[in-house]
Amino acid sequence: MNRIEILRFALRGLLANKLRSALTTLGILIGVAAVIMLVAVGEGSSRSITQNIQRLGANTLTISPSFSGGGGGGGSGVRGPAGGGNTGPRTQARQLSLADAKALTDRTLAPSVRSVTPVVNAPSATAAYGAASHAIAQFVGTYPSYFEAVNKPVSEGTYFFNDDVLAARKVVVLGRTVAGELFGDADPIGRQISVSGVPFTVVGVLKASGSTGMQDADDVAVAPLPAVQQSLSGFGPLGQIVVQATGAGTTTTAQAEVTAILNQRHGITSDNPDYRILNQATLQETVSEATGTFTVLLGAVAAISLLVGGIGITNIMLVTVTERTREIGIRKAIGAPRSAILGQFLMEATLLSLVGGLSGVLVAFVGTRFSVAGIEPVLVPSSVVLALGVSLAIGLFFGSYPANRAAKLRPIQALRHE
């Protein structure tokens, strides 16, 4: 009996019980579709997080104050050694200052630093234009280098310049959300808005960034640092210092240089400085590793349903062998070899897995066209190949026992079966 005849007998056997065959393939379909879909969701989540991090710049360091005693006002917080509570010697914790930012621009001490941008945040800034008003989530006072360092390009108008900083001009660049709330579809460039009672002239609108988790990244306004300090925040400490390295490959070196300078200026001799540095490149690597592990875990969990589908194939094939015992006996009695019986039932199990696997791929492909919990799934070709290959392997593996059982039946015993 050749392979074509074996295939023909296998198809005839499957089509004789269409409902049973369909239910068997359903288990494989669900398993394959689940594996591909969950891996796609994991990949989509990973890319979304990576894109959010890259918006801040892959070669960016963000320095912010860090006080274990909950300090945050005027650099008056004190802190003891780590784990020492209130005992032992204490050192005066210092806030970040413009002098710190200026020190980081020293090319001799920090050759890997490209730009240094001081940042202050005005508390509770409410903007108004005509009858419209909006509480701005983040009103930033900074330098022009901020726009490039944190990857916030301007889509309309322009950003402000160093001359505006030196003259403390009250000009502002609005985020897309703020511009929409105040002006709707009207052109805001050149219009004057009131920010907590202080007039600012709109010179530009930032390109839309989208939401980052629970925060709207477009609910922001950026103005020259001296103008914000004079009018809104006061001349206190800085909220952040944004440092841009000369390249993605020098970010770690730049962090070491920045750490050395700040430690020297702040008199830090322990491993517990009064500031913290967020390295975007390191954060991106860590997140990529974590999401990769998460994706593998999702795929492994979904693979359990493939195993369940394989067990279903075993059960159905055992029932099929039992029902067709007399048919097997007749075929053996007229000369069908053991290999033909074995091949037929293995072919039936493989066809069930193949049809279920291909259907699962189709369902998963359609499923990835829709967002899941706000995440756009990304189809991973390797997951499709792996899931389909595993489904075929499951058909062969779980179909081998019923096929061997059918092939080992003695003709006389099979013919006597009721």
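Up top is the structure these notes are about.
Quick notes on the rules
Every chain begins its residue count from 1, and numbering advances along the sequence as written. Local features in a predicted model are, by the rule used here, given only for residues with pLDDT of at least 70; side-chain atom pairs are given and counted only at 80 or more, and totals for whole chains, interfaces and linings are based on all residues. Working from all heavy atoms in the structure, the side-chain values ignore hydrogens and water. By convention in these notes, a salt bridge is any Lys or Arg side-chain nitrogen within 4 Å of a carboxyl oxygen on Asp or Glu. Labels follow the DSSP assignment, with helices taken as runs of H or I lasting at least four residues and strands as runs of E lasting at least two, numbered in each case from the N terminus. Buried residues are those whose accessible area, probed at 1.4 Å on protein chains only, stays under 20% of the maximum for their type, while exposed residues exceed 50% and partly exposed ones sit between those limits. Pairing between two strands is assigned when DSSP locates at least 2 bridges connecting them. The term nonpolar core refers to a set of buried residues drawn from Ala, Val, Leu, Ile, Met, Phe, Trp, Tyr and Cys, joined through side-chain atoms within 4.5 Å. Note on contacts: a residue pair qualifies if any of its non-hydrogen atoms lie within 4.5 Å across the two residues. Only the six-membered ring of Trp is used, alongside the rings of Phe and Tyr, when aromatic pairs are assigned; centres must lie within 6.5 Å, and planes under 30 degrees apart are stacked while those over 60 apart are edge-to-face, with the rest tilted. Without a salt bridge and with relative accessible area above 30%, a residue can belong to a patch; like charges are then joined within 9 Å and nonpolar side chains (Val, Leu, Ile, Met, Phe, Trp, Tyr) within 5 Å. Surface accessibility follows the Shrake-Rupley procedure with a 1.4 Å probe radius. Residue values consider only the protein chains on display as shielding.

This next bit is on the pattern of salt bridges. By the definition in use, this model includes four salt bridges. Of the charged contacts, one joins Arg 176 and Glu 156 as a salt bridge, the two residues approaching to 3.0 Å between their closest N and O atoms. With Arg 176 in helix α6 (residues 176–183) and Glu 156 in strand β8 (residues 154–157), this residue pair connects regions lying 20 residues apart in the sequence. Relative accessible area serves as the criterion here: at 29%, Glu 156 is assigned to the partly exposed category. A salt bridge links Asp 164 to Arg 169, with the shortest nitrogen-to-oxygen separation between them at 3.0 Å. With a relative accessible area of 40%, Arg 169 lands in the partly exposed category.

When you tally the buried positions in strand β7 (residues 138–142), you get four out of five residues, the bulk of the element. Where strand β4 (residues 113–122) and β7 come together, three bridges link them in antiparallel fashion. Paired with Val 120 across the strands is Gly 141, a residue of β7. With five bridges joining them, β7 and strand β14 (residues 220–224) adopt parallel strand pairing. In the sheet register, Gln 138 faces β14, and the bridge partner there is Val 220.

Before going further, it helps to examine the nonpolar core. Burial of nonpolar side chains together is a common tendency in soluble globular proteins. Ranked by size, the top nonpolar core spans 42 residues in total, and within it Ile 63, Phe 139, Ile 193 and Phe 200 carry the most contacts. Apart from residues lying up to four places away in sequence, Ile 63 is in contact with Leu 96, Leu 104, Gly 239, Gln 240, Ile 241, Val 243, Val 258, Leu 262, Tyr 275, Arg 276 and Ile 277. Counting residues in each nonpolar core, the second largest holds 21 residues, with Ile 28, Ala 364, Ile 394 and Ala 406 among its members.

Moving on to the packing of aromatic side chains. The geometry of an aromatic ring pair is captured by two quantities: the separation of the ring centres and the angle between the planes. As enumerated under the stated definition, the model contains six aromatic pairs in all. Centre to centre, the rings of Phe 147 and Tyr 159 are 5.4 Å apart; their planes meet at 25°, and the pair counts as stacked. Of this pair, Phe 147 sits in helix α4 (residues 145–149) while Tyr 159 sits in the loop between β8 and α5 (162–166); the two residues are twelve residues apart in sequence, bridging distant segments of the chain. Counting every residue linked through ring pairs, the aromatic cluster contains Tyr 146, Phe 147, Tyr 159, Phe 160 and Phe 161.

On to a nonpolar patch on the surface, then. On the surface, Leu 19, Leu 23, Leu 26 and Ile 30 cluster together to form a nonpolar patch covering roughly 410 Å² of accessible area. Given a relative accessible area of 46%, Ile 30 falls into the partly exposed group.

Looking now at unusual backbone geometry. For Asn 151, which is not a glycine, the phi torsion comes out positive at approximately 60°. Mapped onto the elements of the fold, Asn 151 is located in the loop between α4 and β8.

What follows concerns the environment of Leu 166. Along the chain, Leu 166 falls in helix α5. A relative accessible area of 75% places Leu 166 in the exposed class.

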